[in-house]
Each structure stands twice: as structure tokens, then as C-alpha cells.
Amino acid sequence: MTSTEVRVGSGGLAPPGPARPARRRSSGRGRLVQVAFLIPAAVYLVLFFGYPVVKNITMGFQEYTTRTFYTGEAPWVGFANYVTAVTDPVFDRALLNTGLFTVGSILGQFTIGLAIALFFHRRFHLSGVLRSLLLLPWLVPMIAASAVWRWILDTDHGVLNRTLDLLPFLDGRPAWLTSTTLALVAVIIVNIWLGIPFNATILYGGLQEIPEELYEAGSLDGATGARAFRHITWPLLRGVVTVVLVLGVVYTLKVLDVILGLTNGGPANATQTISTFSYHMSFREFDFGVGAALGNILVLISLVFAIVYLRLNRRAIDE
Amino acid sequence: MSAAVPIARRAAGGDTAGRASRVPTPRRPGHTILGVIIIAVMLFPLYWMLNVSLQPAGNASATPWLPLDLSLDGYRTALAEQGGNLVTSLIISLGAVVFSLLIAAPAAYALAHFRFGKWVVVFLFAVLTTQMVPGIVVANALYSAYSDLGLLNTYVGLILADSAAGIPFSIILMRAFMMGIPASIVEAAYVDGAGPVRAFVSVVLPISRNALITSALFIFLFAWGDFLFALTLTTSESMRPITLGLYSYIGGFVSDWSPIMATAVLSSLPAIALLVLAQRYVAAGVTGGAVKS
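Residues numbered from 1 in each chain as written. Chains lettered and ligands numbered in written order. Predicted model: local features only at pLDDT ≥ 70, side-chain atom pairs only at ≥ 80, totals over all residues. Heavy atoms only, no water.

Focus on the confidence of the model for chain B
Residues and elements named next belong to chain B. Predicted confidence across chain B gives a mean pLDDT of 85, with 86% of residues reaching 70 or more. When mean pLDDT is taken per element in chain B, helix α10 (residues 228–233) scores highest with 96 and helix α1 (residues 4–22) scores lowest with 38. Contacts for the low-pLDDT stretch residues 1–20, under 50 throughout, to residues beyond four places or in other chains number 24 contacts. Note that residues 289–293 has pLDDT below 50 and, in this model, 10 contacts with residues that lie over four places away or in other chains. Interface confidence for the predicted complex, given as ipTM, is 0.86, next to a pTM of 0.86. (pLDDT = per-residue confidence, 0-100. Helix = DSSP H or I, 4+ residues; strand = E, 2+ residues; numbered from the N terminus. Contact = heavy atoms within 4.5 Å.)

Quick notes on the pattern of salt bridges
Tallied over the entire structure, the rule returns two salt bridges over all chains. The shortest N-O distance in the salt bridge between Arg173 of chain A and Asp165 of chain A comes to 2.4 Å. Arg173 of chain A sits in the partly exposed class, given a relative accessible area of 35%. For Asp165 of chain A, a relative accessible area of 37% translates into the label partly exposed. A salt bridge links Asp73 of chain B to Arg76 of chain B, with the shortest nitrogen-to-oxygen separation between them at 2.6 Å. (Salt bridge = Lys/Arg side-chain N within 4 Å of Asp/Glu carboxyl O. Buried < 20%, exposed > 50% of the residue type's maximum accessible area, 1.4 Å probe, protein only.)

Digging into the side chain of Ser215 of chain B
Along the chain, Ser215 of chain B falls in helix α9 (residues 209–225). Classification of Ser215 of chain B by relative accessible area gives buried; the value is 0%.

A few points about the packing of helix α14 (residues 274–283) of chain A against helix α5 (residues 135–149) of chain B
Where α14 of chain A meets α5 of chain B, the closest approach of the two axes is 10 Å, and the angle between their N-to-C directions is 10 degrees. The orientation of α14 of chain A relative to α5 of chain B falls into the category roughly parallel. Of the two elements, α14 of chain A crosses α5 of chain B, and the hand of that crossing is left-handed. Contacts between α14 of chain A and α5 of chain B involve Ser275, Ser278, Tyr279, Ser282 and Phe283 of chain A on the former and, on the latter, Ile136, Ala139, Asn140 and Tyr143 of chain B. Residues belonging to the contact of α14 of chain A with α5 of chain B are distributed by class as follows: five nonpolar, four polar and no charged. (Axes fitted to C-alpha atoms, helices over the stretch in contact; angles between N-to-C directions. Parallel < 35°, antiparallel > 145°, perpendicular 65-115°, else oblique. Left-handed = near helix turned anticlockwise from the far one by under 90°. Nonpolar A, V, L, I, M, F, W, Y, C, P; charged D, E, K, R; others polar.)

Okay, here's the thing in C-alpha cells:
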């Protein structure tokens, strides 16, 4: 038993080389204890992230329907689920919507978030209190936010249209959530609202890390205002910007609550994204195979995006 | 132990507090007014939620701008119909906090203080990669596994699934904090004859109190706000978190918004309590967790 422990300890996870003097216990048994600290987390990650990803890949190649739950049989069907998913008339719409939803949300969240971060970076009375209040929309459950926005955006009695009524140059009341052309715009607006606190907070944190002295030195060379932003703030904020954008895109691609809460993907699939379409196929049509295929396409999009973006950005930083 | 206090304060308090106390804040009334306007616009939907919730029931047409005709009927209906769901959410969220901390805290410590070489990078990369897995993919696979294991409609099932957001987040957040704990403090415990487990429980955890609180608050909020797993991993009304209760409210034709908004307000209370009780931990925690990974 002891020999196994040593092998697991030093062969499995331990790096070669001597342990630091302080970590004298890093021999066999001590090593095992150290590894044991990590094991529960590793097991959890494997079961709740690793397993689902692998299971989805296999499910994508299986006919996996409600029958499977009774008979336990899920015949292999090759790429049939992918063909079904991609040739579905909703797919093109969902793919386009995913792109528009992601780009629109990120552009809005990031620019407004950055503007707010820059504004609150200047010191003035109450700025701290106001900044912490800004976090509120982010902490409220998304489905609660969707519920109130549904009432705000109501065509006849919503407070937005009542306010627009007061404007002299606007005729009629836009059907925000029930028109096929406006629903996606409305869903993007709500998602931008939800994303601003996150963007503003992280970017504010990044701004705080930039040393004050740089601006003092810059102002001697005439770099103030927009020039200071271009030559000092932006280059130094780049690392944080990368984090915010990559996380933002990855989160936005998988958004589900907001869309289901506001429109349920409708009207006439006008707000259906790959994510909601996958949900729809699995949990409404009970065709888990097609749902899995769509989920895998979503993972692939996230992955390709993250890799391409990180590569481009690393090159930009290196130069 | 006294050496630990400055670390804790630095990590939790943020640098703004320190700077503001040295240099007086300049008077900029224009900035303050603009700041108030920005926040007012951002928070308007939340005001509207509160406003509608306090209007008399049956008010399906235009809601008055102010709740002058104050009524708590919405809350009465909400508590009668959704009270049980609030309790369900509370049990699940507290369960997720305990479970996630038990899993994440030792891992964070190991990644910060044990010498695992390149394995630390591998593990952290795996943790970060989990962020890219869409919830629907997890739900899709868990549904069939839960169905086989009899975990659908159970507290255990939802606690485990709802920890999926909190565990990776807490590992990164707590590791960043624990990196700041000087090795000498832990070594002193070894000299006193403590093993790694003793040192962790009686030295590292007390020092990390702030990081544990921040993590706990976020795990709670993630689990409390979860909608996807509530939607996919429950199939009966016996087991229904508040987010799902709210969704079923807005699913049909809505004729009375005040109980719905009352439910929305009730479902937001933990967030508001959090902001009041621990806003300084939150701001520092968010920044630290996301940027200093």
C-alpha cells in the first residue's frame, strides 16, 4: 500500500526536483495528503463539466429521445442529428441571431461600461456609493430582471412606450417584444443593461491599477484628455480589456435566461439563438440527440472564438 | 497572526479606501449630479419592479409613476403562492454554499501553497475552461444521468448542479487571496507540529475569512439566481426554486403584474442584503477574482 501511495504521490502529480526545506513533509505520505486537497475539486470538475461535454459529444451521434429513457436504447446514427439540426429552417435564423445578439450585446456593454468606468475613475463626492449601487442590476436574478423588463416593454401599457408617447416626433407605439423585427433589438437592450455592471466594475478595477505617476508624466508631455487615454490608458488597460471581452463573448453565447424570460425565443423564432434552440430541441421536443448536436456546435463556436481572439491579442501585445 | 491583518485588509478593502483617506475628495458637484443621473437611469427597472409590486392588485393597465395608493396585496399573493419556492431556493443556495466551500477551499489552498509545478497551471487552465461550457450542454447530459440516478426533483441534485458556477469562481478567487498569505505563517504551524490539514484548518482558513465570505456570498447568489438547472432538472411542482416559480408566472397571459413584481422583489432581496452588508467585499472580490487569476 505504501509503495502505491508513493507512486501516486511522486509519479502522478509531483514535479521532479527537491522540495523546499519548509515543505519537509513532501515525502510519500505528505505528498498524498497534499494531492488529497485537490481531489474533491478535480472529481467535481470531471463529473459536472468533463462528463457533460463527453456525454454531449456521444449523444450528438445517437438517437436519444424519450424512448431512450424507457428502453435504455440509443442507436448510433452518425451525423444524422447534425444534419437535422443544420437543415432545420430555424438553424440559419438562430445562427444569425446568435451573432447579432453577441456582437450587439458586447458592443453596447463594453462601450457603456468603459464610459461609466472612466467617469467613476475620477474622484468626486458619492462616487464610491454610486459605484456600489451600480452592481445591483447584476446581482438581481436574471429571470427577475426579465420579468420587470417584460412589463416595461409592454406595447400598450409599458412605461417605455408611455414615455415615448410624450415625444412629439414619434408616432405609434413600437411592439418591442411581439414584433419580429424589434424583439431581437429589445432582447439585446436588456442584455446590455444586465452586462454593464460587470464590464464597468472590471474595467474600473483595471483603471485603478494604472499608476497615477504615468498621467503626471504624460501631462508634462502634453498628453491630457483624449491623448492621455490613447497613449496611456488604453495600452495599459489592454490586458483587462481582453479578459472582459473574452469572458463577455463566452457568457453571451450561452445566454438563455434572458431570452426565455423575455420572448421564449419568439415571436416566430425572431429571438431564437443556438442556445435556446438547443434547449428547445432537448427539453421541448425531447430530441436530446439534436439538442446535444446544437450544444456541441455552440461549444465549438466559443472555442474557435476564444482561441482566435487570444492568439490575435497575444500577437498584438507582443509587438 | 497579527501579520495576517494587513493582508486581509488589502485584499478586501481595495486601494480606493486607502487613497481616499490620504487625499481629500475634490468637490465636483457637476460630476456628482451626472453620477446620480447615470445610476438613476441604470436602476430605473429596479425602481419599477418595486413600484409595481406596491400597487393595488388588478392594476393591469398603465402603472402610476409613484406607489401613492400603497398596497401590500401583491406581497400577500406572492408569499402565499411562492413562499414555499422561496424556502426551496434558500435550502438549495445554502446547501450549495457549504458544499462548494468544502470542495473549493482546500483546492484553492493547495494551488496556492503546495508545490505542484506545472500541474498548477494545468489545473487552473481546466478551471478556466469550464467557463466556456454552456449551461445547456451540462443540463442536457445531467438530465439523462439524473434520470438514471433518481436525482431529478431532489435537493441534492440541484445543490450539486448549482455549485457548477460557484466552485470554479471560488477556487480562483480564494487562490488569489491565499497566494498573499506568507509561507512563514504556515511554516510556523508546521514547526509547532501541525500537519497540512491542521495548518489549513486552524491557520489558513481563519486568515482567509474575507475571501471565504466573498466566495460564500457569490456562490449563494449564483445558486439563488440559477434558472437553467431549475428549469431542466425539475419536472414536478413539488420541487420548484423561486426563479422557476417566477418564470411560470410570466409564462402565461399576465393580467396582474403586482404579485409578479412582488415575487421578483422577494427574489432580489438576497442581492440587496448582500450589497448593504458586504459591498466592500463584493467590489474587491469581483475585481480580484476576474483579473488577478
